[in-house]
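Listed below are the residues making up each chain.
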Amino acid sequence: VPKKVVVVRNGLDLKKFKKSDFPDFQIARILAIGSLLPIKRWDRLLRAAAELKKMGHGFEIRLVGGGPLRSSLEQESQDLGLSGNFQFLGHRNDIPALLADSNFLVHTSDREGCPNVITEAMACGRAVVATDVGDVSTLIEDGKTGFLVEREESEELICRMRMLLNDRDLCRRMGERSRVKAERELGVERLLSETLAVYKMGGWCPS
């Protein structure tokens, strides 16, 4: 058993994931990124989208990622009447461009470590609505850079998404704060300096 445990958070290339101007679409674009696996709980996002559509909100959700649940999620999307609101983009290599082309990110997973997709969205200056799992709460400052929601609180997820759909200025401000936090805490330089500090702590430093 170690006497001391030090956690060094992963770093991000802030030149690749750079801040982009907030989009001014007539219909809001929401991005979701992750494998199409049961643990990611994209069914939550589909049901929230269906309720938001019933409330009269106009939006387009783009889900990036591949996996075994794609056909069943596509069918659920059709059954919920979301064919015109929900796109399945499959695997993509242009995540920075997709984030720049979106108003905010939604992440609905049941379990996580420290999800890269959230740090990437923050670095691009985008607000995030995410379930409060794993280390997500160390990334998102609830009410400042985005919103944290409890896993089984479907109404809370709908409410937070609705707030960002209704208030684009709030969405923009949260994204700006996200970028500031990314520059302060999520860059590669911070990762390198903290890793070297851990080595020095143990009395050995690589040359």
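Residues numbered from 1 in each chain as written. Predicted model: local features only at pLDDT ≥ 70, side-chain atom pairs only at ≥ 80, totals over all residues. Heavy atoms only, no water.

K.L.:
Requested: an account of the nonpolar core, with residues and values cited.
P.N.:
Phe 104, Met 161 and Leu 164 are the most contacted members of the largest nonpolar core, which totals 32 residues. Here this core gets seven residues from one element, more than from any other, and that element is helix H1 (residues 42-54). Excluding residues within four positions of it along the chain, Leu 164 makes contact with Phe 104, Ala 127, Val 129, Phe 147, Leu 170, Cys 171 and Met 174. Membership of the second largest hydrophobic core comes to 25 residues, among which are Ile 95, Leu 99, Ile 118 and Ala 182. (Core = buried A, V, L, I, M, F, W, Y, C linked by side-chain atoms within 4.5 Å. Buried < 20%, exposed > 50% of the residue type's maximum accessible area, 1.4 Å probe, protein only. Helix = DSSP H or I, 4+ residues; strand = E, 2+ residues; numbered from the N terminus. Contact = heavy atoms within 4.5 Å.)

K.L.:
Any details on the pattern of salt bridges? Residues and values, ideally.
P.N.:
Applying the stated criterion across every chain, the model contains 19 salt bridges. For Asp 43, the salt bridge is made with Arg 41, and the minimal N-O distance between the two is 2.9 Å. Both residues of the pair, Asp 43 and Arg 41, belong to the buried class. Linking Arg 92 and Asp 94 is a salt bridge whose minimum nitrogen-to-oxygen distance equals 2.8 Å. (Salt bridge = Lys/Arg side-chain N within 4 Å of Asp/Glu carboxyl O.)

K.L.:
For the packing of H1 against helix H2 (residues 70-79), give the residues involved together with the corresponding values.
P.N.:
Direction vectors running N to C along H1 and H2 enclose 15°, while the axes themselves pass 10 Å from each other. It follows from the interaxial angle that H1 and H2 lie roughly parallel. Crossing hand, H1 versus H2: right-handed. Along the contact surface, H1 presents Trp 42, Asp 43, Leu 46 and Arg 47, while H2 presents Leu 73, Glu 76 and Ser 77. Grouping the constituent residues of the contact of H1 with H2 by class yields three nonpolar, one polar and three charged. (Axes fitted to C-alpha atoms, helices over the stretch in contact; angles between N-to-C directions. Parallel < 35°, antiparallel > 145°, perpendicular 65-115°, else oblique. Left-handed = near helix turned anticlockwise from the far one by under 90°. Nonpolar A, V, L, I, M, F, W, Y, C, P; charged D, E, K, R; others polar.)

K.L.:
So what's going on with helix H6 (residues 154-166)? Which residues, and what values?
P.N.:
When the terminal C-alpha atoms of H6 are compared, their 18 Å separation across 13 residues agrees well with the 18 Å that a helix rising 1.5 Å per residue should span. Along H6, the residues classified as buried are Leu 157, Ile 158, Met 161, Leu 164 and Leu 165. Angularly, the buried residues of H6 cover 130° about the axis, an arc narrow enough to put them on a single face. In H6, the exposed positions angled more than 90 degrees off the buried face are occupied by Glu 155 and Asn 166. (Expected span 1.5 Å × (residues − 1). Arc of directions from axis to C-beta.)

K.L.:
Residue-level account of the pairing of strand E1 (residues 28-33), with values.
P.N.:
In terms of burial, E1 is a largely internal element, five of the six residues being buried. One ladder, built from two bridges, connects E1 with strand E4 (residues 104-107); its direction is parallel. In the strand pairing of E4, Ile 30 is matched with Phe 104. (Pairing = 2+ DSSP bridges.)

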